[in-house]
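In case you want the letters, here they are:
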Amino acid sequence: NAVLELEGISKAYNKGKISEVSVLKGADLKLSEGEIVALVAPSGAGKSTLLHIAGLLDTPDSGVIRIAGEEVAHLSDRRRTAIRRAGVGFIYQFHHLLPEFSALENIVLPQLANGTAQAAAEAHATSLLSRVGIAERAHHRPAELSGGEQQRVAFCRALANQPRLLLADEPTGNLDPETSDQVFGTLVELVRETGLSALIATHNLDLAARMDRVMHLEHGVLV
Ligand code: ADP
Ligand code: ADP
């Protein structure tokens, strides 16, 4: 049962110009229910491009994307937006939390936008914060949190609407090695507990080795 399938995904930038760069050249990937896959590639190889395509933020030049068996090209814009907002959770290298809101509010807001009632959204946010070990930081704003704590809040926000698929782009790349190691451990535990599928880009091979499978993005294909 594949949560995400990519087949023959190609993508070039600046098409037809002298600066044309062909980033993906027929990338294939099958992510099963509950599977955590590491995406390893050197900088500039196209990790972000691949994650954006997988998360329906960008479209490939050719190839097929299936989410839970449904071919994305055949979906209405409305349905595609719904999948992107609630079906997929994103985590970036930088937390991108809203600076004027507390940790709790940052996790509550996407739930309200998705139609969850305030009380239920707060209860869920509180439970997520305690699962990543920072319940006592609920009312702090991002600037009052350490880098590792900020990323933990970003993980909670990504999971706020209970997505089936998590896409993470160097989720601990901004942290010092020791903090990165701990925070990464928290992320993998959280993903395993939740049972969701995840594609996590990292260039840290030790971190990649903790996942179920490692895919390398090389010369535009996944091996
Ligand atoms: P990674 O995440 O692996 O560092 P990216 O997917 O960000 O790689 O980029 C892959 C290649 O595509 C790089 O050479 C980058 O310069 C180029 N690229 C990315 N986005 C664009 C864009 N919007 N326009 C032109 N070139 C781009
Ligand atoms: P909306 O229709 O609500 O404006 P968006 O399409 O802007 O939704 O965003 C949906 C999700 O994708 C949000 O979590 C947003 O942060 C993220 N997102 C949107 N555009 C990009 C992008 N270019 N790169 C990375 N993340 C993005």
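See the structure printed just above.
Residues numbered from 1 in each chain as written. Chains lettered and ligands numbered in written order. Predicted model: local features only at pLDDT ≥ 70, side-chain atom pairs only at ≥ 80, totals over all residues. Heavy atoms only, no water.

(A) Here's a closer look at the packing of aromatic side chains. Applying the stated rule across the entire model yields one aromatic pair. Aromatic side chains F90 and Y92 sit 6.2 Å apart centroid to centroid with 5 degrees between the ring planes, which places their arrangement in the stacked category. We classify Y92 as partly exposed; its relative accessible area is 29%. (Phe/Tyr/Trp six-rings, centres within 6.5 Å; stacked < 30°, edge-to-face > 60°. Buried < 20%, exposed > 50% of the residue type's maximum accessible area, 1.4 Å probe, protein only.)

(B) Up close: the site of ligand 1. Around ligand 1 sit Y13, V23, P42, S43, G44, A45, G46, K47, S48 and T49, and those are all the residues in its vicinity. Contact between ligand 1 and G46: an oxygen atom at 2.9 Å from a main-chain N or O atom of the residue. Here S48 contributes a side-chain N or O atom positioned 2.6 Å from an oxygen atom of ligand 1. Here ligand 1 loses 59% of its free accessible area of 560 Å² to cover by the protein chains. Take the shell around ligand 1: its biggest share by element is three residues, from helix 1 (residues 47–54). Taken together, the residues that form the shell around ligand 1 break down as four nonpolar, five polar and one charged. (Near = heavy atom within 4 Å. Polar contact = N/O pair within 3.5 Å; in protein donor to acceptor, adjacent residues only side chain to side chain. Areas by Shrake-Rupley, 256 points an atom, 1.4 Å probe, with all protein chains shown as cover. Helix = DSSP H or I, 4+ residues; strand = E, 2+ residues; numbered from the N terminus. Nonpolar A, V, L, I, M, F, W, Y, C, P; charged D, E, K, R; others polar.)

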